[in-house]
Amino acid sequence: MEFKDLIKIAKDIRGKYSEFEKQKYGREWTRSEIAQGFVGDVGDLMKLVMAKEGIRDNQDVDEKIAHELSDCLWSIIVLADKFGVDLEGSFLGTMNELENRLK
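A. Local environment of the side chain of arginine 14. Positionally, arginine 14 belongs in helix 1 (residues 3-25). Every residue in contact with arginine 14, bar those within four places of it in the chain, is listed here: Glu21, Glu28, Trp29, Ile34, Trp74, Val78 and Lys82.

B. Quick look at the layout of surface pockets. By volume, the largest pocket is sized at about 200 Å³. Forming the boundary of the largest pocket are Arg14, Tyr17, Glu21, Trp29, Ile34, Gly37, Phe38, Asp41, Asp71, Trp74 and Ser75. Tallying contributions element by element places helix 2 (residues 31-52) first for the lining of the largest pocket, with four residues. In the lining of the largest pocket, the residues fall into five nonpolar, two polar and four charged.

C. Geometry of the nonpolar core. Membership of the largest hydrophobic core is limited to 10 residues, which are Ile34, Phe38, Leu45, Leu48, Ala51, Val61, Ile65, Cys72, Val78 and Leu79. Elements that contribute at least two residues to this core include exactly helix 2 and helix 3 (61-82). With residues near it in sequence (within four places) discarded, isoleucine 34 still touches Arg14, Trp29, Val78, Leu79 and Lys82.

D. Representation of a negative patch on the surface in the model. A cluster of acidic residues, Glu2, Asp5, Asp86 and Glu88, forms a negative patch on the protein surface. Relative to the helices and strands, glutamate 88 is located in helix 4 (residues 87-101).

E. Spotlight on the environment of lysine 82. When you line up the elements, lysine 82 lands in helix 3. Overall, lysine 82 belongs to the partly exposed group, its relative accessible area being 30%. Those residues in contact with lysine 82, other than ones at most four positions away along the chain, are Arg14, Glu28, Arg31 and Ile34.

F. Examining the confidence of the model for the chain more closely. Looking at the chain, the pLDDT average stands at 97 and 100% of residues meet or exceed 70. By mean pLDDT, helix 4 is the weakest element of the chain at 96, and helix 3 is the strongest at 98.

G. Local environment of a nonpolar patch on the surface. A cluster of nonpolar side chains, namely Met1, Leu6, Ile9, Ile13, Tyr17, Phe20, Tyr25, Trp29 and Leu73, defines an oily patch on the protein surface of about 900 Å² accessible area. The biggest single contributor to the nonpolar patch is helix 1, with six residues. As for its placement among the helices and strands, isoleucine 13 is situated in helix 1.

H. Seen up close, the packing of aromatic side chains. In the structure shown here, the tally under the stated rule is one aromatic pair. Residues tyrosine 17 and tryptophan 74 carry aromatic rings whose centres are separated by 5.6 Å and whose planes lie at 50° to one another, so their mutual orientation is tilted. Taken together, the residues span a long stretch of sequence, with tyrosine 17 in helix 1 and tryptophan 74 in helix 3 at a distance of 57 residues. Since its relative accessible area comes to 43%, tyrosine 17 is described here as partly exposed. A relative accessible area of 25% places tryptophan 74 in the partly exposed class.

Thresholds applied
- Residues numbered from 1 in each chain as written.
- Predicted model: local features only at pLDDT ≥ 70, side-chain atom pairs only at ≥ 80, totals over all residues.
- Heavy atoms only, no water.
- Helix = DSSP H or I, 4+ residues; strand = E, 2+ residues; numbered from the N terminus.
- Contact = heavy atoms within 4.5 Å.
- 1 Å grid on protein atoms, 1.4 Å probe; cavity = no way out; pocket = protein on both sides within 12 Å on 5 of 7 lines; lining within 4 Å.
- Points joined across faces, edges and corners; volume = space filled by probe spheres on them.
- Nonpolar A, V, L, I, M, F, W, Y, C, P; charged D, E, K, R; others polar.
- Core = buried A, V, L, I, M, F, W, Y, C linked by side-chain atoms within 4.5 Å.
- Buried < 20%, exposed > 50% of the residue type's maximum accessible area, 1.4 Å probe, protein only.
- Patch = residues over 30% accessible without salt bridge, like charges linked within 9 Å, V, L, I, M, F, W, Y side chains within 5 Å.
- Areas by Shrake-Rupley, 256 points an atom, 1.4 Å probe, with all protein chains shown as cover.
- Salt bridge = Lys/Arg side-chain N within 4 Å of Asp/Glu carboxyl O.
- Lys, Arg positive; Asp, Glu negative; His and termini not counted.
- Charge placed at Lys NZ, Arg CZ, Asp CG, Glu CD.
- pLDDT = per-residue confidence, 0-100.
- Phe/Tyr/Trp six-rings, centres within 6.5 Å; stacked < 30°, edge-to-face > 60°.

Structure below.
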């Protein structure tokens, strides 16, 4: 599967959440609210990383880390779309910059 396919899936799921939010709250989440959800996912990920390192208790840590990383990726894709960012192009550009710093 190519990255553009992941983007399409993420945007399709976001569209379904948008409809759910409109029904439940009368409006869809703002970019800020989506970003706040992302920060919550990053916090959940950090707790799982701590568990993996043995400083927190948790069950099924590897499975939960995979889930939270996927949640974070989804949020990043959605936020990039909401802000009009070509995530694939930006990522490649950023990787080139990082690689050039190491030369």
